[in-house]
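Inside the fold
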Amino acid sequence: MKPVIICVDDENLILDSIKMVLKENFGDGYSIETAESGDDALELIEELIRDGIEIPILISDYVMPGIKGDEFLILAHSMIPETLKIMLTGQADLRGVENVINHATLYRFLSKPWTTEDFVLTIGEALKSFGQARQIRIQNRELEISENKYKELVENSFDIIFYLDREERIRTINQSINRILRYKPKSLIGKKFSELIYITDWMNEKIVQEKMLELIHNKEPVSFNCDMVTAAGEPKEMLIRLQYLPASEGLIIVGTASSIEDDLLIRLCEKETQVYKIENYMTQIDMVCKRISNAITKYGSPEDVFLIKLCIMELLVNAMEHGNLDISFDEKSEALDNNDYYKLLFKRQQNPNYKNKRITVEFSLDSEKVEIRISDEGKGFDHKKQMSKVDKEGVDLKLAHGRGIQMAKSFFHTFEYNDMGNSVYLIRNFNVELSG
Ligand SMILES: Nc1ncnc2c1ncn2[C@@H]1O[C@H](COP(=O)(O)OP(=O)(O)OP(=O)(O)O)[C@@H](O)[C@H]1O
Ligand SMILES: [Mg+2]
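Residues numbered from 1 in each chain as written. Chains lettered and ligands numbered in written order. Predicted model: local features only at pLDDT ≥ 70, side-chain atom pairs only at ≥ 80, totals over all residues.

This part takes up the packing of helix α2 (residues 38-50) against helix α3 (residues 69-79). Contact pair α2 / α3: the axes reach a minimum separation of 10 Å and the direction vectors enclose 10°. The orientation of α2 with respect to α3, classified from their angle, is roughly parallel. Contacts between α2 and α3 involve G38, A41, L42, I45 and I49 from the first element and F72, L75, A76 and M79 from the second. When the residues that make up the contact of α2 with α3 are grouped by side-chain class, the tally is eight nonpolar, one polar and no charged. (Axes fitted to C-alpha atoms, helices over the stretch in contact; angles between N-to-C directions. Helix = DSSP H or I, 4+ residues; strand = E, 2+ residues; numbered from the N terminus. Parallel < 35°, antiparallel > 145°, perpendicular 65-115°, else oblique. Contact = placed C-beta atoms within 7 Å. Nonpolar A, V, L, I, M, F, W, Y, C, P; charged D, E, K, R; others polar.)

Another point: the environment of V305. Take V305: it is sitting in helix α10 (residues 302-324). Residue classification places V305 among the partly exposed residues on the basis of 18 C-beta atoms within 10 Å. Sequence separation of V305 and N294 is eleven residues, and the distance between their C-alpha atoms is 7.8 Å. (Buried ≥ 20, exposed ≤ 12 C-beta atoms within 10 Å, placed from the backbone.)

Here we take up the sheet that holds strand β2 (residues 31-35). Strand pairing in a sheet is mediated by backbone hydrogen bonds. Such pairs are either parallel or antiparallel. Taken in spatial order, the five strands of this open sheet run β2-β1-β3-β4-β5, and their pairing is parallel. Sheet topology places β2 and β5 (106-111) at the edges, where each strand pairs with a single neighbour. Sheet twist, expressed as the mean angle between neighbouring strand axes with direction ignored, is 20°. As judged from the five bridges shared by strand β3 (residues 57-61) and strand β4 (residues 84-89), these two strands associate in the parallel manner. Looking at the pairing, S60 lines up with M87 of β4. Set on the sheet, α2 makes contact with β1 (4-8) and β2; between it and β1 the angle comes to about 165°. (Pairing = 2+ DSSP bridges.)

On to the domain arrangement of the chain. Its domain assignment divides the chain into domain 1 (4-152), domain 2 (157-259) and domain 3 (265-429). Here domain 1 and domain 2 have C-alpha centroids that lie 55 Å from each other. (Domains from an automatic or database assignment.)

Another aspect to go through is α3. Buried within α3 are the following residues: G69, D70, F72, L73 and A76. What you see down the axis of α3 is that its buried residues fit within an arc of 155°, all on one side. (Arc of directions from axis to C-beta.)

The sheet built from five strands is open, its strands ordered β11-β12-β13-β15-β14 with antiparallel pairing. The open sheet has two edge strands, β11 (272-278) and β14 (414-417), and neither has a second partner. Strand-to-strand twist in this sheet, taken as the mean axis angle between neighbours without regard to direction, amounts to 10°. In this structure, strand β13 (residues 369-375) lies alongside strand β15 (residues 423-429), joined through seven bridges in antiparallel fashion. If you follow I372 over to β15, its bridge partner there is L426. Helix-sheet contacts for α10 involve β12 (359-365), β13 and β15, and the interaxial angle to β13 is about 15°.

Set out below in structure tokens:
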């Protein structure tokens, strides 16, 4: 049903002529309805409202028997506030006009006699501005709906949802942070995101740094597993997703953190052999370490689990940084000194010469032992020299690194490099004391 333009006038002649002009000019898109009095018109309006028909324009004469034009328009306004009202005045009765302007937001008044041209122009403009106003109303309503929906989504989400500014400070964070990590959301506003990370485990810090850099550089969403810290200071493993926002009001990152459920099936597994091929990222190394150490909880003591995780982490990081990414001992020392180790890592990770190199992890577990082989696609190193150097001279305590191999070697029952030095084979027997 077309929208309706209503004309109200007690003089039939005028009503007919208006109707004709309107039909001729706007008949394609609108129906024209007429009424001879305000009362009739109010009834008509009621009907149209009931049928859900839109009324963009209401034209009314001023002088009419029964209710006058101004009174009528004010009454009509309370029923159809969005309709544009036009009043026709024979004599210049400004009081009536004023009355409607004050109470019914009169769109225009036309004083008789008017030219057809003027009339058509006025109605044309009115229809246009009604259309624009309606468009804005629709947009506002949609916006409101989506804002409410969004607010509800955010507040009722199972995930922690937060916004960070340029300095990685928390600007907003939802209630889930209270449920999952036990902080009051308000208490975190203005804090650095890194304060929510469990940094006692150096790996977490590395992962977050690596991912933040990747995000800021590539502007592509990143996601990773990492321990966050509860209000009580305990680690809680979470899946974190960060997404870059084109800077709106200083917010640049929106993130979510979701709880990770324990893999229950892993406890039922008696024996397993697995092969992982991973890219040169801390996050992937961390995932594999976690997966392997979770599996080991079935047979190993808590100490075994902890040390195996730590040692394979060291060796996987070696495979990544020294093997696939070809970062030498000296380059690492220098970068650590200058505090830009993560930048160096990041550059190498993006470099096409290293980017496609993978780390292969072969892992096999039964009740007796765990066997692990870690191989990279780098050029290897003189492991005999490196190991005898450490055996003879001990670890250089002035350097912040150089102890990964030393630690791993002392913990595994078998610790062997291939000739080239880009693959290391490890066995840890359970329930067996290490000799020596
Ligand atoms: N997979 C590998 N490929 C090439 N070189 C390696 C590899 N693994 C170890 N290296 C060499 O052996 C050195 C000693 O490794 P180690 O893990 O003991 O110390 P680091 O990696 O230098 O420091 P950190 O104590 O932080 O691990 C490395 O600096 C590197 O030169
Ligand atoms: Mg190392």
